[in-house]
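Read off the chains here:
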Amino acid sequence: MGSSTLAEFVRMGGPLRGPALHRVAVRCAAAMLHTTVHTTSGVRLRPDEVALGPGGQVLVGCASAGEPADDVRAWADLVVFAATGAADGDVRVLPPVLRIAVERCRHPSAASRPRAADLVRVLLGRSVAAAMASVDDLLSRAG
């Protein structure tokens, strides 16, 4: 079986749940972070432009430059679509960590939305404080 877009996958097989939903959320956030770090382009995170490969790969397209806060908003809409089949679906179907992340990424004030790096840390189960403590620990060992 070849790759299909997230929109096709959800239309054919229904909304994603559990580990499959979390995997797509993490991989899309990681792709967004990678693109933000390595290019000046934003990421196109729309259900019809995110491809799901047969081995679980997630491939996203790059778009023209945009604000990073818009990327995390698009990520939130994509996760809601994956879980409900609609970008404006009910966020209550999301597991708590994803629901909180989506709500923060949809904040009306772009300045109040998390950075892609912070979003990836949260999704991987690491808080910003834990990540900073790890960096401090590594620096203290090097000295």
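Asker: So what exactly am I meant to see when it comes to the overall build of the protein chain here?
Answerer: A tally of regular secondary structure across the protein chain gives six helices and four strands. If you list the helices and strands of the protein chain from N to C, you get β-α-α-β-β-β-α-α-α-α. Long-range pairs, those at least 24 residues apart, make up 59% of the contacts in the protein chain between residues at least 6 apart in sequence. As presented, the protein chain carries roughly 8000 Å² of accessible surface, and 59% of it is formed by carbon and sulfur atoms.

Asker: Where do I start with the nonpolar core in this structure?
Answerer: Note on soluble globular proteins: their nonpolar side chains tend to be buried together. Among the nonpolar cores identified, the biggest contains 35 residues, and L6, W75, L94 and L119 are the most heavily contacted of them. When residues no more than four places from it in sequence are discounted, the contact partners of L94 are L21, V79, V80, A83, R99 and V102.

Asker: Which parts of the structure should I look at to understand the packing of helix 4 (residues 96–105) against helix 5 (residues 116–123)?
Answerer: A pair of packed helices is characterised by two quantities: the angle between their axes and the separation of those axes. Two elements in contact, helix 4 and helix 5, have axes whose closest approach is 10 Å; the angle formed by their N-to-C orientations is 170°. If you check the angle between helix 4 and helix 5, you find them roughly antiparallel. Listed contacts from helix 5 to V97, L98, A101 and C105 of helix 4 are L119, V122 and L123. For the contact of helix 4 with helix 5, the per-class residue count stands at seven nonpolar, no polar and no charged.

Asker: Please explain helix 1 (residues 6–13) as it appears in this structure.
Answerer: Residues lying three or four places apart along an α-helix face the same way, a consequence of the helix completing one turn every 3.6 residues. Of all the positions in helix 1, only L6, A7 and V10 are classed as buried. Taken around the axis of helix 1, the buried residues stretch over an arc of 100°, which confines them to a single face. Exposed positions of helix 1 whose direction lies more than 90 degrees from the buried face are M12 and G13. Of the residues flanking the end of helix 1, it is G14, one or two places downstream, whose phi is positive at about 90°.

Asker: Please clarify how the confidence of the model for the protein chain should be interpreted in this entry.
Answerer: Low pLDDT means the predicted atomic positions in that stretch should not be read closely. This prediction gives the protein chain a mean pLDDT of 80; 73% of its residues lie at or above 70. The secondary-structure element of the protein chain with the lowest mean pLDDT is helix 6 (residues 128–142), recorded at 47, while helix 1 shows the highest, at 93. Low pLDDT (under 50) marks residues 131–143, which in the prediction has three contacts with non-local residues, meaning those over four places away or in another chain.

Asker: Just to check I follow, could you spell out the side chain of S4 for this structure?
Answerer: Relative to the helices and strands, S4 resides in strand 1 (residues 4–5). Its relative accessible area of 15% is what places S4 among the buried residues. Apart from the residues within four sequence positions on either side, S4 is in contact with F9, V50, A51 and L52.

Asker: Would you mind going over the pattern of salt bridges with me for this structure?
Answerer: Should the charged atoms of two oppositely charged side chains come close, the side chains can pair. Applying the stated criterion across every chain, the model contains seven salt bridges. In this structure, the salt-bridge partner of R46 is E49, at a minimum N-O distance of 2.4 Å. Its relative accessible area of 25% is what places E49 among the partly exposed residues. Because the salt bridges share partners, they merge into one network encompassing R73, D77 and R106.

Cut-off values and rules
Residues numbered from 1 in each chain as written. Predicted model: local features only at pLDDT ≥ 70, side-chain atom pairs only at ≥ 80, totals over all residues. Heavy atoms only, no water. Helix = DSSP H or I, 4+ residues; strand = E, 2+ residues; numbered from the N terminus. Contact = heavy atoms within 4.5 Å. Areas by Shrake-Rupley, 256 points an atom, 1.4 Å probe, with all protein chains shown as cover. Core = buried A, V, L, I, M, F, W, Y, C linked by side-chain atoms within 4.5 Å. Buried < 20%, exposed > 50% of the residue type's maximum accessible area, 1.4 Å probe, protein only. Axes fitted to C-alpha atoms, helices over the stretch in contact; angles between N-to-C directions. Parallel < 35°, antiparallel > 145°, perpendicular 65-115°, else oblique. Nonpolar A, V, L, I, M, F, W, Y, C, P; charged D, E, K, R; others polar. Arc of directions from axis to C-beta. pLDDT = per-residue confidence, 0-100. Salt bridge = Lys/Arg side-chain N within 4 Å of Asp/Glu carboxyl O.

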